[in-house]
Amino acid sequence: RWFNAYLKKSANADGDARQIENFGSDLQDGEMYLALIKQLFPRLISLPPEFEDVNAYIRAHSVLESMDLVGIPRVMGVSDMMAGNSLKNLVFVSFLFNHFSVMNWIGIP
């Protein structure tokens, strides 16, 4: 629900109303991670719009590099994300949730 709430906030800005239903195939192209990153770290990480149009490998690599900037450990690699490894995606999202959920939800930059 937390991830989807951020995706819903993102949809209001750019019209994309995608939601995740699983931590495997829904996250493997990196598009939803990119939408989440834009919501969680709007000032710290600025990804240009063209990142949404690049191939899934480059997008997944950019997502993981962005997480390095904010101190999230690399619990998965690009190949794990692209393969839709649901366990590693769940662990990755758990790190994000545990470290950044409250801070941005209540409006702290």
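The residue numbers shown here count from 1 along each chain, following its written sequence. For this predicted model, a pLDDT threshold of at least 70 governs which residues receive local features, and a threshold of 80 or more governs which side-chain atom pairs are given and counted, while totals over whole chains, interfaces and linings are taken from all residues. Calculation of side-chain values draws on the structure's entire complement of heavy atoms; hydrogens and water are dropped beforehand.

(A) Focus on the side chain of Asp26. Helix and strand assignments come from DSSP, with helices taken as H or I runs of at least 4 residues and strands as E runs of at least 2, each series counted from the N terminus. By secondary structure assignment, the location of Asp26 is in the loop between α1 (2-14) and α2 (31-40). Judged by relative accessible area, Asp26 falls into the buried class, the value being 17%. Reaching out from Asp26, the side chain makes a polar contact with the backbone nitrogen of Asn22 at a distance of 3.1 Å. Any pair of residues with heavy atoms lying within 4.5 Å of one another is described as a contacting pair. Discounting chain neighbours no more than four positions away, the residues touching Asp26 are Arg18, Gln19, Ile20, Glu21 and Met32. To sort residues, take the accessible area from a 1.4 Å probe on protein chains only and compare it with the maximum for the residue type: under 20% means buried, over 50% means exposed, and anything in between is partly exposed. Distance and chemistry together define a polar contact, namely a pair of N or O atoms within 3.5 Å, with one atom able to donate a hydrogen and the other to accept it when in protein, and with adjacent residues in sequence counting only for side-chain atoms on both sides.

(B) Highlighting the nonpolar core. For the purposes of this section, nonpolar cores are sets of buried Ala, Val, Leu, Ile, Met, Phe, Trp, Tyr and Cys residues that join through side-chain atoms within 4.5 Å. In terms of nonpolar packing, the biggest core is built from 26 residues, with Trp2, Phe3, Tyr33, Leu40, Met67, Phe92 and Leu96 touching the most fellow members. When residues of this core are traced back to their parent elements, those giving at least two are α1, α2, α3 (56-69), α4 (78-83) and α5 (86-105). Here this core takes six residues from α2, the largest share from any one element. Apart from the residues within four sequence positions on either side, Leu96 is in contact with Trp2, Leu36, Leu40, Met67, Ile72 and Ser101.

(C) Layout of the confidence of the model for the protein chain. Summary of the metric used: pLDDT quantifies the predictor's per-residue confidence within the range 0 to 100. Residue-level pLDDT values for the protein chain average 79, and 77% of them are 70 or greater. Averaged over each element, pLDDT in the protein chain is lowest for α1 (73) and highest for α4 (93).

(D) Examining a nonpolar patch on the surface more closely. A cluster of nonpolar side chains, Tyr57, Ile58 and Met82, forms an exposed patch at the surface whose accessible area comes to about 280 Å². Mapped onto the elements, Met82 comes out in helix α4. What makes Met82 partly exposed here is its relative accessible area of 33%. In this scheme, patches are assembled from residues that exceed 30% relative accessible area and form no salt bridge. Like charges are connected within 9 Å, while nonpolar side chains (Val, Leu, Ile, Met, Phe, Trp, Tyr) are connected within 5 Å. To be clear on the numbers: accessible area is Shrake-Rupley with a 1.4 Å probe, and residue cover counts the displayed protein chains and nothing else. In the sections that follow, a salt bridge refers to a side-chain nitrogen of Lys or Arg positioned within 4 Å of a carboxyl oxygen of Asp or Glu.

(E) Seen up close, the packing of aromatic side chains. Geometry of aromatic contacts follows a simple scheme: Phe, Tyr and Trp rings, the Trp one being its six-membered ring, pair when their centres are within 6.5 Å, and the pair is stacked under 30 degrees between planes, edge-to-face over 60, tilted otherwise. For the coordinates displayed, the defined rule picks out four aromatic pairs. Each ring, one from Trp2 and one from Phe97, has its centre 5.3 Å from the other, and the planes form 80 degrees; the classification is edge-to-face. Of this pair, Trp2 sits in helix α1 while Phe97 sits in helix α5; the two residues are 95 residues apart in sequence, bridging distant segments of the chain. The partly exposed category is assigned to Phe97, whose relative accessible area is 37%. One aromatic cluster in this structure is built from Trp2, Tyr6 and Phe97.

(F) Molecular detail of α3. Here α3 spans 20 Å end to end across 14 residues, near enough to the 20 Å set by a 1.5 Å rise per residue. Those residues of α3 not exposed but buried are Arg59, Ala60, Ser62, Val63, Leu64, Ser66 and Met67. At the N-terminal boundary of α3, the capping side chain belongs to Asn55, with an oxygen 3.0 Å from the backbone nitrogen of Tyr57. Looking one or two residues past α3, Gly71 carries a phi angle of roughly 85 degrees, positive in sign. Multiply 1.5 Å by the residue count of a helix minus one, and that product is the helix's expected span.

(G) α2, seen in detail. Burial analysis of α2 places seven of its 10 residues in the buried class, which makes it a mostly covered element. Listed as buried for α2 are Met32, Tyr33, Leu34, Ala35, Leu36, Ile37 and Leu40.

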